[in-house]
Amino acid sequence: MELPHFQDEEPSLCVSLRGSFSDRTFSPINSMGLTPDEQYLYTSHAHSLLLWNLEDSRQPFMLNHLPEGDSLSTGEKITCSHMHPRSESLLTYGTSKGRLNLLDSRVSVTNPSMLNFRVDRSEGNYIDDIIRQYTGVRFLSDGKRIVTRDLLSIKVWDMCSN
């Protein structure tokens, strides 16, 4: 009786590009993710939050837009974002000025309602802006709490408490 002979073969993997999503403003993308039903892709840029249909990448839907200043402006910019784990209409984003917003697109498409979470801070200088800007935001899997990261700390926000 002869033992079987195994040959090491590399598994073949075929990768193909399914779509390319560009808003044509050449603004860097700082966050991206999928909606819970995986039908849409969201991207956040310095001044805008966009929602893309995965089957048709030609035209995104604008979820929110912050006013743009000149290139030397120290105006507020979107720094991070995250979609709610169960709802396609809830998205949170943090800004360079230390604001955390919860956007609900069910209320109005043209003017979505936003809740603003902010630790009371007086107007500061450039260094204060760097320290308080949000660098990361995530919903926890229960969808009731948000975890944020800034330069010096991590905070947990409860959306259900007063």
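In the block above lies the structure referred to throughout.
This section reports on the structure supplied with the text.

Reading the values: the criteria
- Residues numbered from 1 in each chain as written.
- Predicted model: local features only at pLDDT ≥ 70, side-chain atom pairs only at ≥ 80, totals over all residues.
- Heavy atoms only, no water.
- Helix = DSSP H or I, 4+ residues; strand = E, 2+ residues; numbered from the N terminus.
- Buried < 20%, exposed > 50% of the residue type's maximum accessible area, 1.4 Å probe, protein only.
- Contact = heavy atoms within 4.5 Å.
- Areas by Shrake-Rupley, 256 points an atom, 1.4 Å probe, with all protein chains shown as cover.
- Pairing = 2+ DSSP bridges.
- Axes fitted to C-alpha atoms, helices over the stretch in contact; angles between N-to-C directions.
- Patch = residues over 30% accessible without salt bridge, like charges linked within 9 Å, V, L, I, M, F, W, Y side chains within 5 Å.
- Salt bridge = Lys/Arg side-chain N within 4 Å of Asp/Glu carboxyl O.

### A word on the overall build of the protein chain
- Check the secondary structure of the protein chain and you find 1 helix and 11 strands.
- Each helix and strand of the protein chain, ordered N terminal to C terminal, gives the series β-β-β-β-β-β-β-β-α-β-β-β.
- Sorting the 162 residues of the protein chain into buried and exposed places 36% on the buried side.
- Partitioning the contacts of the protein chain with sequence separation of at least 6, the portion at a separation of at least 24 is 36%.
- As displayed, the protein chain offers around 11,200 Å² of accessible surface, 53% of which is attributable to carbon and sulfur atoms.

### A look at the pairing of strand 5 (residues 78-83)
- Counting buried positions along strand 5 gives 6 out of 6 residues, so the element sits mostly inside the fold.
- Sheet analysis places strand 5 next to strand 6 (residues 90-95), joined by 5 bridges and oriented antiparallel. Note that in strand 6 the partner of S81 across the bridge is Y93.
- Connecting the antiparallel pair strand 5 and strand 6 is a turn made up of 6 residues.

### Section: the sheet that holds strand 2 (residues 40-45)
- Read across the open sheet, the 4 strands follow the order 1-2-3-4; overall the sheet is antiparallel. Both outer strands of the open sheet, strand 1 (29-34) and strand 4 (56-65), are each paired with one neighbouring strand and no more. Neighbour-to-neighbour, the strand axes of this sheet turn through a mean angle of 25°, independent of strand direction.

### Details of a nonpolar patch on the surface
- Judged by side-chain polarity, Y126, I127, I130, I131, L151 and L152 come together as a nonpolar surface patch covering roughly 600 Å² of accessible area.
- Structurally, the position occupied by L152 is in the loop between strand 10 (145-149) and strand 11 (154-158).

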